[in-house]
Amino acid sequence: MNILAIGDIVGNFGVDYTAAKIEKIISGHNIDFVIANGENTAVGNGITKDIAQKLFSLGIDVITLGNHAFSKKDVVNLLLNMSVIRPINYPERTVGEGCVVKQKNGKKIAVINAMGRFNLLNIDCPFRACMRKIRQIKDECDIIIVDFHAEATSEKAALANYLDSFATVVYGTHTHVQTADERILPGGTGFITDIGMTGVVDSILGVKKDIIIRRFMTQMPERFSLADGKCQLCGAIFKIDDNNNKCYEIIRIRE
């Protein structure tokens, strides 16, 4: 089984570029299942119903979120009625789920979304939340994928190694910069620190460069405006052995 994970899709340019490229990637790599991080797809961050529906219409099976999960009001309906998940380590009674199980091509695939705590929100422990959920679902699932939305590379590596042999794949999102450290951990879990961003290349994390530069130089707040121009889709393909359900290869995507 080949699973495609698409890195943080930023703004309408990122959404439109995903729409333009995804069919070729799915057919060219014989993709069976698609996950995309959609927490930056809407204007001003977050995701809307219209955007989610468009992404699902492209063949995306699950949408994950992150620290901007609740930036838009209608996300509540998405979390209750669609295959959109928010970080599993939000406190109890937070709307939505942090895990979804889907059946595809004869396999039960669980997708877990978690969020780091370093320089992000003061929420529950992602390590304990992920392991607790994995122990609950491991007997009913063939494949378990974790999207870890986190700032620090060390926190991402720590979670991946903590979940080694328990999760099929752990990959990072949020920092918008694709890393070149894809590998299979000793226990068999596939891992890459960050799968990158889908959006405008000539930008700073999808935002107009001058805005970010001024913020760093002046420390003054300023509203973000998304950059425009040439786009790139970043992500990774995780190849899973159909016999033992283990990840045996990771291919980075930059198109």
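Predicted model, so just to flag it, every value in this text is computed and none were measured.

(A) Inspection of the packing of aromatic side chains at higher detail. Evaluation of the coordinates by the stated rule reveals 3 aromatic pairs. Both rings, one in Phe70 and one in Tyr90, keep their centres 5.4 Å apart while their planes meet at 85 degrees; by these two values the pair is edge-to-face. Of the two residues, Phe70 is situated in the loop between strand S4 (62–64) and helix H3 (75–81) and Tyr90 in the loop between strand S5 (84–85) and strand S6 (99–104); the sequence distance between them amounts to 20 residues. In this structure Tyr90 comes out as buried when scored by relative accessible area, which is 10%. Between the aromatic rings of Phe127 and Tyr162, the centroid separation amounts to 5.7 Å while the plane-to-plane angle is 65 degrees, which identifies the pairing as edge-to-face. With a gap of 35 residues between them, Phe127 in helix H4 (residues 126–137) and Tyr162 in helix H5 (residues 153–162) connect regions that are remote in the sequence.

(B) A look at the environment of Pro186. As for its placement among the helices and strands, Pro186 is situated in the loop between strand S10 (183–184) and strand S11 (190–192). Here Pro186 falls in the exposed class, since its relative accessible area comes to 81%. When the C-alpha positions of Pro186 and Asn161 are compared, they lie 8.7 Å apart, and in sequence the two are 25 residues distant.

(C) Representation of the pattern of salt bridges in the model. Under the definition given, this model contains 9 salt bridges. Lys209 is the partner of Asp202 in a salt bridge, and the nearest nitrogen-oxygen pair spans 2.8 Å. Given a relative accessible area of 37%, Lys209 falls into the partly exposed group. Notably, a salt bridge pairs Asp210 with Arg214, separated by 3.4 Å at the nearest N-O pair. Residue Asp210 and its partner Arg214 are both found in helix H6 (residues 209–218); the two are separated by 4 residues, about one turn of the helix. Overall, the relative accessible area of 39% leaves Asp210 in the partly exposed class. Note on Arg214: relative accessible area 35%, which makes it partly exposed. A cluster of three or more residues bridged by salt bridges with shared partners is formed by Asp210, Arg214 and Glu222.

(D) Layout of the sheet that holds S10. Pairing within the open sheet is mixed, and its 6 strands lie in the order S6-S7-S8-S9-S11-S10. Two strands close off the open sheet at either side, each with one partner strand: S6 and S10. Sitting on the sheet, H4 is in contact with S6, strand S7 (107–115) and strand S8 (143–149), with an inclination near 165 degrees to S7. The sheet strands contacting H5 are S8, strand S9 (169–173) and S11, and the helix crosses S8 at an angle near 160 degrees.

(E) Main features of the layout of surface pockets. Of the pockets and cavities examined, the largest pocket occupies roughly 870 Å³. In terms of lining residues, the largest pocket is bounded by 29 residues, among which Asn45, His68, Val207, Ile212 and Phe224 are the most central. Among the elements that take part in the lining of the largest pocket, H6 stands out by supplying 3 residues, more than any other. In this structure, the second largest pocket encloses a volume near 320 Å³. Among the elements that make up the lining of the second largest pocket, the one with the highest residue count is H4 (4 residues). A breakdown of the residues in the lining of the second largest pocket according to their chemical character gives 5 nonpolar, 5 polar and 7 charged.

(F) Structural detail: the side chain of Ser203. Within the secondary structure, Ser203 is located in the loop between strand S12 (197–200) and H6. Under the relative-accessibility criterion, Ser203 is labelled buried at 14%. Within the structure, Ser203 has its side chain in polar contact with the backbone oxygen of Val200 (distance 2.7 Å). When residues no more than four places from it in sequence are discounted, the contact partners of Ser203 are Met197, Lys209 and Ala227.

Cut-off values and rules
- Here, residues in each chain are numbered from 1, in the same order as that chain's written sequence.
- In keeping with the predicted nature of the model, local features appear solely for residues at pLDDT of at least 70, side-chain atom pairs appear and are counted solely at 80 or more, and the whole-chain, interface and lining totals rest on all residues.
- Hydrogens and water molecules were not included; the side-chain quantities draw on all heavy atoms of the structure.
- Stacked, tilted and edge-to-face pairs are distinguished by plane angle, under 30 degrees for stacked and over 60 for edge-to-face with tilted covering the rest, among Phe, Tyr and Trp rings (Trp via its six-membered ring) whose centres lie within 6.5 Å.
- Think of it this way: any DSSP run of H or I at least four residues long counts as a helix, any run of E at least two long counts as a strand, and we number them from the N terminus.
- Classification of residues uses two cut-offs on accessible area relative to the type maximum, computed with a 1.4 Å probe and protein chains only: under 20% is buried, over 50% is exposed, and between them is partly exposed.
- Salt bridges are identified by distance alone: a Lys or Arg side-chain nitrogen within 4 Å of an Asp or Glu carboxyl oxygen.
- By the convention used here, strands pair only if DSSP detects at least 2 bridges between them.
- Should any heavy atoms of two residues lie within 4.5 Å, those residues are counted as being in contact.
- As a rule, the C-alpha atoms of each element are fitted with a line to give its axis, helices using only the stretch in contact, and angles between N-to-C directions run from 0 to 180 degrees.
- A cavity here means a set of points on a 1 Å grid, drawn over the protein atoms and nothing else, where a 1.4 Å probe fits but cannot get out; a pocket is an open set with protein on both sides within 12 Å along at least five of seven lines, and a residue lines either one if it has an atom within 4 Å of a point.
- Grid points are joined across faces, edges and corners, and a volume is the space filled by probe spheres set on the points.
- Residue classes follow a fixed rule: Ala, Val, Leu, Ile, Met, Phe, Trp, Tyr, Cys and Pro count as nonpolar, while Asp, Glu, Lys and Arg count as charged, and any other residue, Gly among them, counts as polar.
- Here a polar contact means two N or O atoms within 3.5 Å. Within protein one must be a hydrogen donor candidate and the other an acceptor candidate, and residues neighboring in sequence count only if both atoms are side-chain atoms.

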